[in-house]
Each structure stands twice: as C-alpha cells, then as structure tokens.
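Single-letter residue listing:
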Amino acid sequence: MAKSMTAFGKKHFTCSAGHFYLEIYSINKRNLEIHVYSPRELSMIDYHLRKWVQSHAKRGTVTIKLVKENTHFDEQHGVDSKKLAMLKSELDQIASDLNLSPVSSIEFLAQYSQNQPASKACLDQEKLIEEVESAFVCAADNWVKMKCDEGDRLVKDMSKRLNGVETILADIESRVDNAPNKYADKLKKRLDEAGVLEGKDDEKVIKREEQVKVDPSPLNK
C-alpha cells in the first residue's frame, strides 16, 4: 500500500495531569526528523513520543504537539477542597509576612489553583506515560490512515497520467512507423513537380530515402 508523507492525526484526551490534545503531522523529507513540543511539566514524555514515532515512520519531518487545553480540569472533576485549603494556608502565611489581609475570596483561590502547574512529584509517571501512549496510538492510527489514503490518491493520479503518456506514445509510434517512406514520397513528388526528376528516380533521392530510414525527420516541415 502506497503512503504519502503529508498527513495529520489528532486526539483529545483526559489524563491524570489534565485535559490535553495530541497532534501528529508530517511532511516529506528524505530522512527522519522529529520535533516534539510539550508542556514543561511533562517534558519526561518527549523521549517516549520520539520512540513511538520511530516505530511508525522511517522518513519525513514529523511534528508532535502535546497541548494542555484551555478547559479547567478541576471543574470537570469537582473542586479539590483539600488543595484549596492548603493553598489558602500558604497564601495567608505570605500575606501575614507582608502585613496584608488574609485571602477571603473563594473565586480568587479557585482561579489561583487552576493556574498552578501540575507537580511532577504528585504525578504517577508510569501511569501518565501509559495514558499519553494510549492517546498517541489513536492519533497515530488517524495519521497513518491519512498517509495511506493520500498515497492511494497519488497512485491513482500518477497511473492516470502514465496511461495518458502511453496513449500519446502509441499514437506517435503509429505515425513514425512509415515516416521514411512518406517523407521520400513527398520529396519525390516535389522534385517531380519542379521538373527535376522527369519521371525517373534520382540517385540522390534514393540515397536521401535511405538516410531518412535511419534518422527520420518531421513530416510537416
């Protein structure tokens, strides 16, 4: 099955680190070149993403993007009251050190909590790798399918064009087969009309006919 290098695959997924989407797209290149873009707190995934791509592609420029979406993970899974209480305690201590009022807005605490990056220490890396790999497999399936579909379309287009070329070549060959004799007859007719041959074959014309059989010239000059 023919495969094109230009293709795209994408998967939205939710994992222990939040809500993400993973993109894979590639373009043609002689050798394999992999670019990975991921959040800083998930940089440990980069190596695995490169390894997974290498199992699917041997050439081309392949770009992978692991992007955290603009949705709030805590809103999807309920409010973590323990986390908010811990944050409030930490912020109140900072406020006390600065002679400021303690935090009193739940909205501020919720927004502050959502803006905190996921802690590497709090993440089960093995579980996270499995979750991202599962999303990668889905995105890669779409990516490979698009490569195959595009490759099939290219094969059909090239086959159509090659068939057209073969038809043109066959037509040219049918015209060339008898070209030397046609050219010689045309030349003799012109010489005869000019009164040069006077109804007899001329040795120069015969020699010209033999030359034409070896290297025929266009008939319509």
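Above this text you will find the structure in question.
This one's a predicted model, so the numbers in the text were calculated from it and none came from an experiment.

How each quantity is defined
Residues numbered from 1 in each chain as written. Predicted model: local features only at pLDDT ≥ 70, side-chain atom pairs only at ≥ 80, totals over all residues. Heavy atoms only, no water. Helix = DSSP H or I, 4+ residues; strand = E, 2+ residues; numbered from the N terminus. Buried < 20%, exposed > 50% of the residue type's maximum accessible area, 1.4 Å probe, protein only. Contact = heavy atoms within 4.5 Å. Areas by Shrake-Rupley, 256 points an atom, 1.4 Å probe, with all protein chains shown as cover. Core = buried A, V, L, I, M, F, W, Y, C linked by side-chain atoms within 4.5 Å. Polar contact = N/O pair within 3.5 Å; in protein donor to acceptor, adjacent residues only side chain to side chain.

J.: Explain the overall build of the protein here, please?
T.: The number of helices and strands found in the protein is 7 helices and 4 strands. From first element to last, N terminus to C terminus, the protein shows the α and β order β-β-β-α-β-α-α-α-α-α-α. In the protein, which comprises 221 residues, the share counted as buried stands at 28%. Sequence separation of 24 or more characterises 73% of the internal contacts of the protein that already satisfy a separation of 6 or more. With an accessible surface of roughly 15300 Å², the protein has 51% of that area assigned to carbon and sulfur atoms.

J.: Help me out: how do you make sense of the nonpolar core in this one?
T.: Looking at soluble globular proteins, one finds that nonpolar side chains tend to be buried together. Counting residues in hydrophobic clusters, the biggest one holds 27 residues, and the most contacted among them are Leu22, Ile45, Leu49 and Phe136. Of all elements in the fold, only strand S1 (7–15), strand S2 (18–27), strand S3 (32–37), helix H1 (46–54), strand S4 (60–68) and helix H5 (125–176) reach the threshold of two or more residues within this core. Those residues in contact with leucine 22 that lie beyond four places of it in its chain are Gly9, Lys10, Lys11, Phe13, Leu49, Ile64, Lys65, Leu66, Val132, Phe136 and Ala139.

J.: Help me understand the side chain of histidine 19 in this model?
T.: Within the fold, histidine 19 resides in strand S2. Separated by 2.4 Å, the side chains of histidine 19 and threonine 14 make a polar contact.

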